[in-house]
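Descriptive analysis of the structure
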Amino acid sequence: MSIFRMPSMTTEQMLLTIRNGLGLSQTPKKIIIVGAGMSGLVAASLLKNAGHEITILEATQRVGGRVYTLRAPFTDNLYMDVGAMRIPSNHVLALEYIKKYKLKANPFYNTTPHDLIYANGIKTNLSTYQRNPDILNYPVAPHERGKTAEELLTIAIKPVVDFIRQNPIKNWEFVVREFDKYPMSFFLRNNPVGISLSSGAIESIEVLLNLEGFPELSFPAILRELIPLFNPDIHFYEVEGGNDKLPNAFLPELKENLYFGYKMTKIEQRNHQVTIHSTQTVSQRPLQVTGDLAIITIPFSLLSFVEIVPRDLFSHSKRRAIRDLHYVSSTKIGLQFKHRFWEKEGILSGKLMTDLPIRFAYYPSHLIGTSGSGVILASYTWEDETLSWDNLPENDRIRNALDNLATVHGSHIYNHFLTGVSHSWGQYPYSGGAFSMFKPSQESELFPHIPAPEGRVHFAGEHTSPHPAWVEGAIQSGIRVAHEVNNLPKTLFK
């Protein structure tokens, strides 16, 4: 079975669904949606407007899932997006919902020529490094000298990328089939289709391109993430005032359907119906909701703790996918400063790349050039890189991030520091990770079974989509599952 097939609906059809809805259902049903992240909200909105009776169970006290904006403890109306922080310009479904709800999308500057680099004890900036990549003293092979980390990576993956571009749908399937068994690190060291890289070249790629912590994950999975991030034709956006304004825009139409603070404990299918058992997270009061269908949008990392009755309601392949699908850890640390000292250094947005524990920092793309305080995303780490941070208490995370930033910018920044906060998705009880990403062979073996319905239970979420780890994937899955269930007859399944 082919992997990550594009959905049967075209992008244009999905855009029309956002604009015009599903149309009234021929078979209105009672539908339970578990999870009020973007996929659950999209499905709920479409299905409610199609005439279905909708109940949404959400374990937290907010909507958005991994679209999460922290405003405390910051002052001056500042914030940090600890979840989704950027929307690529080719993610047209997310941008369409921003337009639908009349939100303002501002540029998110993912990179600039003035991006800072601090590696091997050397401080420079991106434009200087691009002119002289050897300035950082990575022990690359002689034929690799004079090439940036991005150029080295491009050389290694170019045959595959060029092949995909010839026929993206068909050739992606071939790439997954042929290369899904390779970890990224193995592919780069033992390139089966092109030039292999030295360990020094791979080290520079891992440090400067934020791939450290990912080398053991699937080559196609990492490649899928790299293509938008390093495509110069793709720009990025953020929602003005915080990305959580997007999920919050669904609240006026769905607030009467939402039950906050209810954590699912059991899925039971009997007598032509499905019942979702849940518990109120504070009072422990049980709540049972019975409907014709259920749509489960929570991560598989959480679904693995839910009882399924009868056990064979879910196929062996689905249970294996729930058990094995890999979720990436991610930790962010934000620091607020009285003055935006970085702008005086000529840093107007963009990022810092370093081999210090903070690894990557991002300078805000909003409020540039205005007076007052500002918030830096002082540390953004993934996978194994999060472990050293997650073992620390909150105050130590903030202090160490501040110390790392001072190593790069100078001790004067201590005088500007106001407050800080961290968020670990690996330790967050309502996600079990930041996003799904395949280990070797998982895409081939697991993905065909991830979005497949099981009896009266259907599935959505970024992990079920062709765009895992992105808001676009969550939205796409919400539209897909809404079409999937809209006109299903009530008595289709026993």
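Scoring rules and cut-offs
Residues numbered from 1 in each chain as written. Predicted model: local features only at pLDDT ≥ 70, side-chain atom pairs only at ≥ 80, totals over all residues. Heavy atoms only, no water. 1 Å grid on protein atoms, 1.4 Å probe; cavity = no way out; pocket = protein on both sides within 12 Å on 5 of 7 lines; lining within 4 Å. Points joined across faces, edges and corners; volume = space filled by probe spheres on them. Helix = DSSP H or I, 4+ residues; strand = E, 2+ residues; numbered from the N terminus. Nonpolar A, V, L, I, M, F, W, Y, C, P; charged D, E, K, R; others polar. Domains from an automatic or database assignment. Contact = heavy atoms within 4.5 Å. Buried area = accessible area lost by both parts, 1.4 Å probe. Polar contact = N/O pair within 3.5 Å; in protein donor to acceptor, adjacent residues only side chain to side chain. pLDDT = per-residue confidence, 0-100. Pairing = 2+ DSSP bridges. Axes fitted to C-alpha atoms, helices over the stretch in contact; angles between N-to-C directions. UniProt positions renumbered as here; feature names shortened; annotations may be inferred. Buried < 20%, exposed > 50% of the residue type's maximum accessible area, 1.4 Å probe, protein only. Expected span 1.5 Å × (residues − 1). Phe/Tyr/Trp six-rings, centres within 6.5 Å; stacked < 30°, edge-to-face > 60°. Salt bridge = Lys/Arg side-chain N within 4 Å of Asp/Glu carboxyl O.

1. Looking at empty space enclosed by the protein
Under the defined criterion, the tally for this structure stands at 5 cavities of 30 Å³ or more. As a volume, the largest cavity reaches approximately 190 Å³. Considering each element in turn, the lining of the largest cavity owes the most residues, 3 residues, to strand E20 (residues 374-382). Here the residues of the lining of the largest cavity sort into 10 nonpolar, 2 polar and 2 charged. Looking at the second largest cavity, its volume works out to about 70 Å³. Forming the boundary of the second largest cavity are Ala221, Arg224, Glu225, Leu325, Ser436, Met437, Phe438, His463, Pro468 and Ala469. Among the elements that line the lining of the second largest cavity, the one with the most residues is helix H9 (residues 219-229), at 3 residues. When grouped by side-chain class, the residues that make up the lining of the second largest cavity number 6 nonpolar, 2 polar and 2 charged. Structurally, the lining of the second largest cavity is a two-domain feature, drawing no fewer than three residues from each of domain 1 (11-20 + 28-60 + 243-327 + 448-492) and domain 3 (126-230).

2. Regarding the domain arrangement of the chain
Bring the parts together and some accessible area is lost; that lost area is often taken as the interface size. Along its sequence, the chain is carved into domain 1 (11-20 + 28-60 + 243-327 + 448-492), domain 2 (69-92 + 103-111 + 329-424) and domain 3 (126-230). The centre of domain 2, based on its C-alpha atoms, is set 27 Å off from the matching centre of domain 3. Taken residue by residue, the interface counts 13 residues in domain 2 and 11 residues in domain 3. A buried area of about 1100 Å², summed over both sides, lies between domain 2 and domain 3, and 59% of it is on carbon and sulfur atoms. Counting across the domain 2 and domain 3 interface gives 2 residue pairs in polar contact (both at pLDDT 80 or more). Contributions of two or more residues to the side of domain 2 that touches domain 3 are made by strand E18 (351-354) and E20. Here the side of domain 2 that touches domain 3 is composed, by residue class, of 4 nonpolar, 3 polar and 6 charged.

3. Focus on the side chain of His91
Within the secondary structure layout, His91 lies in the loop between strand E5 (87-88) and helix H3 (92-100). Sequence-distant contacts of His91, defined by excluding residues within four places in its chain, comprise Trp470 and Glu472.

4. What to know about the confidence of the model for the chain
The predicted model of the chain has a mean per-residue pLDDT of 94, with 98% of residues at 70 or higher. Note that residues 1-7 has pLDDT below 50 and, in this model, 23 contacts with residues that lie over four places away or in other chains.

5. As for the sheet that holds strand E15 (residues 307-309)
If you walk across this open sheet you meet the 4 strands as E13-E12-E11-E15, and the pairing is mixed. Taken across any chain shown, the strands that pair with only one partner, and hence form the sheet edges, are strand E13 (286-291) and E15. For this sheet the average axis-to-axis angle between neighbouring strands, irrespective of direction, equals 20 degrees. Here 3 bridges tie strand E11 (residues 262-270) to E15, and the two strands are oriented parallel to one another. In the strand pairing of E15, Glu268 is matched with Val309.

6. Points about the UniProt feature "binding site: substrate" (unreviewed entry) in the chain
The UniProt feature table records "binding site: substrate" (unreviewed entry) at Arg86. With respect to the helices, strands and loops of the structure, Arg86 is situated in the loop between strand E4 (80-81) and E5. With relative accessibility at 10%, the residue Arg86 sits in the buried group. In this structure Arg86 touches Phe108, Asn110, Leu229, Phe236, Tyr237, Asn243, Tyr362, Tyr380, Trp382 and Trp470, once residues within four positions along its chain are discounted. Looking at Arg86, its side chain comes within polar contact range of the side chain of Asn110, at 2.4 Å.

7. A closer look at helix H16 (residues 394-409)
In this model, H16 (16 residues) spans 23 Å end to end at C-alpha, consistent with the 22 Å of a helix rising 1.5 Å per residue. Taken together, the buried positions of H16 are occupied by Arg397, Ile398, Ala401, Leu402, Asn404, Leu405, Ala406, Val408 and His409.

8. Section: the UniProt feature "binding site: FAD" (unreviewed entry) in the chain
Within this structure's numbering, the places UniProt gives as "binding site: FAD" (unreviewed entry) are Ser39, Glu58, Ala59, Gly83, Ala84, Met85, Arg86 and Glu462. Spanning 424 residues, the annotated positions stay apart in the fold, the maximum distance between their C-alpha atoms being 25.1 Å. Those annotated residues from the list above that line the largest cavity are Met85. Here Gly83 lies in the loop between E4 and E5. Ignoring sequence-local partners within four residues, the contact set of Gly83 consists of Arg66, Tyr68, Lys332 and Trp425. Positionally, Ala84 belongs in the loop between E4 and E5. In this structure Ala84 comes out as partly exposed when scored by relative accessible area, which is 22%.

9. Some points on the packing of aromatic side chains
Tallied over the entire structure, the rule returns 27 aromatic pairs. Residues Phe179 and Phe219 carry aromatic rings whose centres are separated by 6.2 Å and whose planes lie at 85 degrees to one another, so their mutual orientation is edge-to-face. Separated by 40 residues along the polypeptide, Phe179 in helix H6 (residues 168-179) and Phe219 in helix H9 bring together distant segments of the chain. Between Phe314 and Phe459, the ring centres sit 5.7 Å apart and the planes meet at 70 degrees, which makes this aromatic pair edge-to-face. Here Phe314 is found in the loop between E15 and helix H13 (316-324), whereas its partner Phe459 is found in strand E23 (residues 457-459), with 145 residues between them in sequence. The burial state of Phe314 is the same as that of Phe459; both residues are buried. A connected cluster of aromatic rings, assembled from ring pairs, spans Phe108, Tyr362, Tyr380, Trp382 and Phe435.

10. Let's talk about the sheet that holds E5
Whenever strands of a sheet pair, they do so through backbone hydrogen bonds, lying parallel or antiparallel. Here 3 strands make up an open sheet; going across it, the order is E5-E9-E6 and the pairing antiparallel. Unpaired on one side and paired on the other, E5 and strand E6 (105-108) mark the two borders of the sheet. Bridge count between E6 and strand E9 (residues 236-239): 4 bridges; the pairing is antiparallel. Pairing of Asn106 across the sheet is with Glu238, part of E9.

11. Structural notes on the pattern of salt bridges
This model, assessed by the stated rule, comprises 17 salt bridges. For the salt bridge of Arg19 with Glu96, the shortest nitrogen-to-oxygen distance reads 2.9 Å. One end of the pair, Arg19, is in helix H1 (residues 11-20); the other, Glu96, is in helix H3, with 77 residues separating them in the sequence. Salt-bridge contacts for Glu256 lead to Lys48; the nearest nitrogen and oxygen are separated by 3.2 Å. Here Glu256 is found in the loop between helix H11 (251-254) and strand E10 (258-260), whereas its partner Lys48 is found in helix H2 (residues 38-49), with 208 residues between them in sequence.

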